[in-house]
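# Notes for the structure review
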Amino acid sequence: MFDEYPDILTVQDIMRALDIGRNKAYSMLKQNQIKSIKIGSVYRIPKIYLIEFVYKTVSV
């Protein structure tokens, strides 16, 4: 799943992967719906966190 994406994703990567807009992506990150690592003011999302989010969302 998400083989074409790098192991560490940017906000733009999750926007493309989930087909969501910028505001929705940042909202999900700020609400910790998708776990992330914030370095300074920049979000980085390990791909495993995106995969966990998708599995959690689908199994609901």
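Positions within a chain are numbered from 1, following the residues in the order the chain's sequence is written. The predicted nature of this model means local features are confined to residues of pLDDT at least 70 and side-chain atom pairs, given and counted, to a pLDDT of 80 or more, with totals for whole chains, interfaces and linings taken over all residues. With hydrogens and water set aside, each side-chain value is computed from the structure's full complement of heavy atoms.

### What to know about the pattern of salt bridges
The term salt bridge refers to a pairing of a side-chain nitrogen on Lys or Arg with a carboxyl oxygen on Asp or Glu at a separation within 4 Å. The full count for this structure, using the stated rule, is 3 salt bridges. The salt bridge involving arginine 16 is made with aspartate 13; its shortest N-O contact spans 2.8 Å. Here arginine 16 pairs with aspartate 13, and both are found in helix H1 (residues 11-18), just 3 residues apart, close to one helical turn. Think of it this way: any DSSP run of H or I at least four residues long counts as a helix, any run of E at least two long counts as a strand, and we number them from the N terminus.

### Structural notes on helix H2 (residues 22-30)
Exposed residues in this analysis have more than 50% of their type's maximum accessible area, buried residues have under 20%, and partly exposed residues fall in between, with area computed by a 1.4 Å probe over protein chains only. Along H2, the residues that are buried comprise Ala25, Met28 and Leu29. Buried residues along H2 cover an arc of 100 degrees about the axis, so they all sit on one side. Across H2 from its buried face, at more than 90 degrees, point the exposed residues Asn23 and Lys30. Two residues form a contact once any of their heavy atoms are found within 4.5 Å. In this structure, the buried side of H2 is in contact with H1, strand E3 (42-46) and helix H3 (47-58). Looking one or two places after H2, you find asparagine 32, whose phi comes out positive at around 60 degrees. It is the directions from the helix axis to the C-beta atoms whose arc is reported.

### Observations regarding the nonpolar core
Inside soluble globular proteins, nonpolar side chains tend to come together where they are buried. The biggest cluster of nonpolar side chains holds 15 residues, and the ones touching the most others in it are Phe2, Leu9, Ile14, Leu29, Ile34, Ile45 and Leu50. Among the secondary structure elements, those contributing two or more residues to this core are H1, H2, E3 and H3. Ranked by residue count, the leading element in this core is H3, at 4 residues. Setting aside its immediate chain neighbours within four residues, leucine 9 contacts Ile14, Tyr43, Arg44, Ile45, Lys47 and Leu50. The nonpolar core is taken to be a set of buried Ala, Val, Leu, Ile, Met, Phe, Trp, Tyr and Cys residues, with the residues joined through side-chain atoms within 4.5 Å.

### Focus on the sheet that holds E3
In spatial order, the strands read E1-E3-E2; together these 3 strands make up an open sheet with antiparallel pairing. Single-partner strands in this sheet number two, and they are strand E1 (8-9) and strand E2 (37-39). A pair of strands counts as paired when DSSP detects no fewer than two bridges linking them. Relative to E3, E2 runs antiparallel, the two sharing 3 bridges. When the sheet's bridge partners are listed, isoleucine 39 is paired in E3 with valine 42. Axis lines are fitted to C-alpha atoms, over the contacting stretch for helices. Their N-to-C directions set the angle, which ranges from 0 to 180 degrees. Packed onto the sheet, H3 meets E1 and E3 and runs at close to 70 degrees relative to E3.

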